[in-house]
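# Structural description and commentary
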Amino acid sequence: MNKSDSGSNPEYVNARVRARRAKLYDDEDYRKLVRMGTGEIARYMEESEYETEMNALGARYSGVDLIEYALNRNLAKHFEDILDWSGGQLYDQLAAYLRKFDAWNLKTILRGVYAGSKREEIEADLIQAGEFDDEFLGQLLEVQDIEAIVEACSGTIFGPGLDEALDQYLELDILVPLENAVDRAFYEHLLDEVGTVNDVDSPAALYLEFLQAEIDFRNVRNALRLSRSGADIDPAEYFIEGGRLFDADELTQLVTNTDELVARIRDSTYGDDLSAALNELEGAESLIGFENALDAALTEYADQFSNSFPISITPVLAYIITKERETDNIRAIARGKEAGLSEEEIEAELVTI
């Protein structure tokens, strides 16, 4: 029987997810890791949730490479488990949402090829939790040309958007048009699959509301990056439709004044749930700090949402986002140590709540 033909089972999946979430690293774990060297970080991971991956990969890799591969394999395993537990509409929704890792992998390969990185360096950052299989990802990794990557993606959901954005990439020689085409295709297809929702109290409505919040925060991030890049690009051109908080013109105006932007978010439907994260947004002194605070805000919103609607997809989505944050934080610590950054510099890269 096809998984999507069986009954939806959020109560069961959420119970399993709660058990997994209890094993996630907390702020105290991160404080310990920041004070360690890469070898000590690896040993710490061996004694936690990452034991299986660290032992399986320890003979092939060491140092930061071992940490990177173990993080990505562990992340993929957890999300595969969630799909294995799920049935019916819940399975369909989660399978579609996890295509975000197809988008992640595609953007990672584009960035690596653009920067002239070695295949092994690009591969270390891939997270095989979406629909792209090993064979297709291998084909993309073999290609050392942006135009050829775009052509190879012609049969995927990202193909039409990438093809349309290619001319602007060639004209400007920046990846923004291609990266945005990937994000836009992911969210457009996600919203298409949700379709029209008439019952505001239904699981589909909760799912849609969460996706709208994610789109809003993605739009803020993209607009801020463009406005501070110095490139002669109108942020409105890269606006992703489907959010609730901004339209393209309004966001273009707000990104030039971050105080007004934060005030707009604080006065919005998200404001009551994001007080701590918005305080961090107000105090952010750099783009990295602002983006990390945005990530913290989305994580906090997901948690508030899942607490309000425990028998729905939202606790699973909140876990997915929080697990991603854990992976990103451990990676940032390991890379920071390898690069010789100070503890303060590494801590500034972390997303915590």
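Residues numbered from 1 in each chain as written. Predicted model: local features only at pLDDT ≥ 70, side-chain atom pairs only at ≥ 80, totals over all residues. Heavy atoms only, no water.

On to the packing of helix α7 (residues 100–115) against helix α9 (residues 134–142), then. Where α7 meets α9, the closest approach of the two axes is 10 Å, and the angle between their N-to-C directions is 20 degrees. In terms of orientation, α7 lies roughly parallel with respect to α9. Like other packed secondary-structure pairs, α7 and α9 cross with a definite hand, here right-handed. Across the interface between the two elements, Asn105, Leu106 and Ile109 of α7 pack against Leu137, Leu140 and Leu141 of α9. Tallied by class, the residues present in the contact of α7 with α9 amount to five nonpolar, one polar and no charged. (Axes fitted to C-alpha atoms, helices over the stretch in contact; angles between N-to-C directions. Helix = DSSP H or I, 4+ residues; strand = E, 2+ residues; numbered from the N terminus. Parallel < 35°, antiparallel > 145°, perpendicular 65-115°, else oblique. Left-handed = near helix turned anticlockwise from the far one by under 90°. Contact = heavy atoms within 4.5 Å. Nonpolar A, V, L, I, M, F, W, Y, C, P; charged D, E, K, R; others polar.)

A few words on helix α2 (residues 27–34). Three or more residues of α2 are buried, namely Asp29, Tyr30, Leu33 and Val34. For α2, the angular spread of the buried residues around the axis is 135 degrees, confining them to a single face. Against the buried residues of α2 lie α3 (38–46), α18 (314–339) and α19 (343–347). Where α2 begins, one side-chain oxygen reaches toward the backbone nitrogen of glutamate 28, 3.1 Å away; that side chain belongs to aspartate 26. (Buried < 20%, exposed > 50% of the residue type's maximum accessible area, 1.4 Å probe, protein only. Arc of directions from axis to C-beta. Polar contact = N/O pair within 3.5 Å; in protein donor to acceptor, adjacent residues only side chain to side chain.)

So, on to the pattern of salt bridges. Across all of its chains, the model carries 24 salt bridges by this definition. Notably, a salt bridge pairs arginine 221 with aspartate 295, separated by 2.4 Å at the nearest N-O pair. Placement of the pair is arginine 221 in helix α13 (residues 203–229) and aspartate 295 in helix α17 (residues 287–308), with a sequence separation of 74 residues. As far as the burial class goes, arginine 221 and aspartate 295 line up, both buried. Salt bridges here are not isolated pairs; linked through shared partners, they connect Glu68, Asp125, Arg325, Asp328, Arg331 and Arg335. (Salt bridge = Lys/Arg side-chain N within 4 Å of Asp/Glu carboxyl O.)

For helix α11 (residues 159–172), which comprises 14 residues, the first-to-last C-alpha distance of 20 Å matches the rise-based estimate of 20 Å (1.5 Å per residue) to within 8%. The sharpest bend along α11 measures roughly 35 degrees and falls at alanine 165. Along α11, the residues that are buried comprise Gly159, Leu162, Ala165, Leu166 and Tyr169. Its buried side turned inward, α11 meets α7, α10 (146–152) and α12 (176–194). Just downstream of α11 lies aspartate 173, where phi reads positive at about 55 degrees. (Expected span 1.5 Å × (residues − 1). Bend = angle between axes of the 7 residues up to and from the residue.)

Function-wise, these values are silent; they only describe arrangement.
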